[in-house]
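Observations on the three-dimensional arrangement
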Amino acid sequence: AAKEEGRNAYRFFTPPMHQQAKSRLLLANDLRQALADGQLQIWLQPIVDLSTGRVCKAEALLRWQHPVHGMVPPGQFIPIAEETGIIVELGNWIFRQAAAAARQWLEQGDGAPCQVSVNVSPRQFVSDTLVDTCLAALRELDVPPHSMVIEITEGLLLTDRADIVDKLARLRSAGMQLALDDFGTGYSAMAYLKKFNIDYLKVDRSFVRDLDADPSDKAIAEAIIVMAHKLGLKTIAEGVETVAQRDLLALVGCDMVQGYLYARPMPVAEFLASLRSEGAAVAA
Ligand code: C2E
Ligand code: MG
Ligand code: MG
Ligand code: MG
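Here's what I pulled together on the structure shown here. (Residues numbered from 1 in each chain as written. Chains lettered and ligands numbered in written order. Predicted model: local features only at pLDDT ≥ 70, side-chain atom pairs only at ≥ 80, totals over all residues. Heavy atoms only, no water.)

Turning next to the packing of aromatic side chains. Scanning all chains against the criterion turns up two aromatic pairs. Arranged with centres 5.2 Å apart and planes meeting at 85 degrees, the rings of W64 and F77 form a pair that is edge-to-face. One end of the pair, W64, is in strand 2 (residues 54–66); the other, F77, is in helix 3 (residues 74–84), and 13 residues separate them in sequence. Judged on exposure class, the residue W64 and its partner F77 are both buried. Look at W105 and F271: their rings are 5.1 Å apart centre to centre, the planes differ by 85 degrees, and that puts the pair in the edge-to-face class. Taken as a pair, W105 in helix 4 (residues 86–108) and F271 in helix 12 (residues 268–283) lie far apart in primary sequence, 166 residues in all. Each member of the pair, W105 as well as F271, is classed as buried. Over the face of the ring belonging to Y260 we find R264, whose NZ or CZ atom lies 3.8 Å from the ring centre. (Phe/Tyr/Trp six-rings, centres within 6.5 Å; stacked < 30°, edge-to-face > 60°. Helix = DSSP H or I, 4+ residues; strand = E, 2+ residues; numbered from the N terminus. Buried < 20%, exposed > 50% of the residue type's maximum accessible area, 1.4 Å probe, protein only. Lys NZ or Arg CZ within 6 Å of the ring centre and 35° of its normal.)

This part covers the layout of surface pockets. Any space left empty among the atoms is revealed by the rolling of a water-sized probe across them. When its volume is computed, the largest pocket comes out at roughly 940 Å³. E59, L61, P74, N119 and D181 are, among the 34 residues lining the largest pocket, the residues nearest its centre. By volume, the second largest pocket is sized at about 550 Å³. If you go around the second largest pocket, you meet 24 residues; those closest to its centre are W105, D110, A112, P113 and C114. Listed by contribution, the elements that provide at least two residues to the lining of the second largest pocket are strand 2, helix 4 and helix 12. A total of five residues in the lining of the second largest pocket trace back to one element, the largest contributor, which is helix 12. Within the lining of the second largest pocket, the residues separate by chemical class into ten nonpolar, eight polar and six charged. (1 Å grid on protein atoms, 1.4 Å probe; cavity = no way out; pocket = protein on both sides within 12 Å on 5 of 7 lines; lining within 4 Å. Points joined across faces, edges and corners; volume = space filled by probe spheres on them. Nonpolar A, V, L, I, M, F, W, Y, C, P; charged D, E, K, R; others polar.)

A few words on the coordination of the magnesium ion (ligand 2). The protein atoms that coordinate the magnesium ion (ligand 2) are E59 (OE), N119 (OD1), E151 (OE) and D181 (OD), at distances of 2.1 to 2.3 Å. Every donor residue of the magnesium ion (ligand 2) comes from the same chain, spaced as E-x59-N-x31-E-x29-D. Between the two metal centres, the magnesium ion (ligand 2) and the magnesium ion (ligand 3), the spacing is 3.6 Å, with D181 acting as a shared donor. Taken as a pair, E59 in strand 2 and D181 in strand 6 (residues 177–183) lie far apart in primary sequence, 122 residues in all. What makes E59 buried here is its relative accessible area of 5%. (Donors = N, O, S within 2.8 Å, 3.2 Å for Na, K, Ca; no water.)

Turning next to the environment of E278. Here E278 lies in helix 12. Looking at E278, the relative accessible area reads 25%, which means it is partly exposed. As a C-alpha pair, E278 and G85 span 193 residues in sequence and 40 Å in three-dimensional space. Apart from the residues lying within four places of it in its own chain, the contact partners of E278 are R54 and V55. (Contact = heavy atoms within 4.5 Å.)

Our focus in this paragraph is helix 5 (residues 130–141). An ideal rise of 1.5 Å per residue puts 16 Å on twelve residues; helix 5 measures up with 17 Å between its terminal C-alpha atoms. When we look at burial in helix 5, the residues that qualify are L130, V131, C134, A137 and L138. Down the axis of helix 5, the sector holding all buried residues measures 130 degrees, keeping them to one side. Structural note: helix 5 exposes R139 and E140 on the side pointing more than 90 degrees away from its buried face. In this fold, the buried residues of helix 5 make contact with helix 4, strand 5 (148–152) and helix 7 (162–173). (Expected span 1.5 Å × (residues − 1). Arc of directions from axis to C-beta.)

Now for the side chain of T235. Relative to the helices and strands, T235 is located in strand 8 (residues 234–237). In this structure T235 comes out as buried when scored by relative accessible area, which is 0%. Among residues more than four places away in sequence, those in contact with T235 are L201, I225, A228, H229, G253, C254, D255 and M256.

Listed below in structure tokens is the structure:
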């Protein structure tokens, strides 16, 4: 009885820290199962070229429909996938799904440029099979490498690990393009932009949010865009929600925009259907 009581007492006084660790562990186990059970999907969010007004790229964003917890946001489980190493297998799967989406887009498209952009976390770059696995998927699915953009974060570029530098160079020399995600939130060291042959710079949402109200955010966004252009990179602004933000970004020369103003991330089939009706509207 004492034991019973002790256990109950323990449960009653479980500190939140412990509960958090436990739920993370459960989520890690669920994640392994999720991939096998088809609970994971990639969704696509359109990226619009400001000079043409047309969708030129789409970012693949992972979605997990958990049987108990419902939709779990990636911010909650990607870190767990990274810590546990599950991200390597998961990342290979994500890349393949994104490539398959690119294949479908190419097939229904009118030949206008289209690319699917995939987030690749630093942990995936530790894997020695990353580049070969990506290239094999593209070959199998008959997707030209220039249809894919790899989104990386600043932290990865701070490393001077020769193998990571080499993997980035191999992805790019195979024909894939590189985007630097969330620019401005990390170290924003300019030197590595030259060293690494980045194609796109994604201006972080935090500078876009108050663009029309905060003069210093406008100055930062403009400075990033001017600098990117001088280094030969194109710019994509994230989190564009209003016409005012879009117009200001256009004014300071931003090349592309992505955000709720245009569309939220959506299932691949829905994305492809929306492009078909956009095409029909243009033709009409
Ligand atoms: P991210 O790569 O910077 O992706 C952009 C995030 O901003 C997405 O959140 C997207 O839904 C959100 N977003 C887009 N437009 C707007 C807007 O106008 N307003 C607001 N408030 N938000 C907007 P999401 O899908 O929750 O993803 C969060 C992060 O999780 C991503 O940030 C990325 O770092 C990570 N992530 C998502 N999918 C993957 C994946 O397949 N692999 C890896 N390694 N990481 C992923
Ligand atoms: Mg991204
Ligand atoms: Mg981003
Ligand atoms: Mg982000």
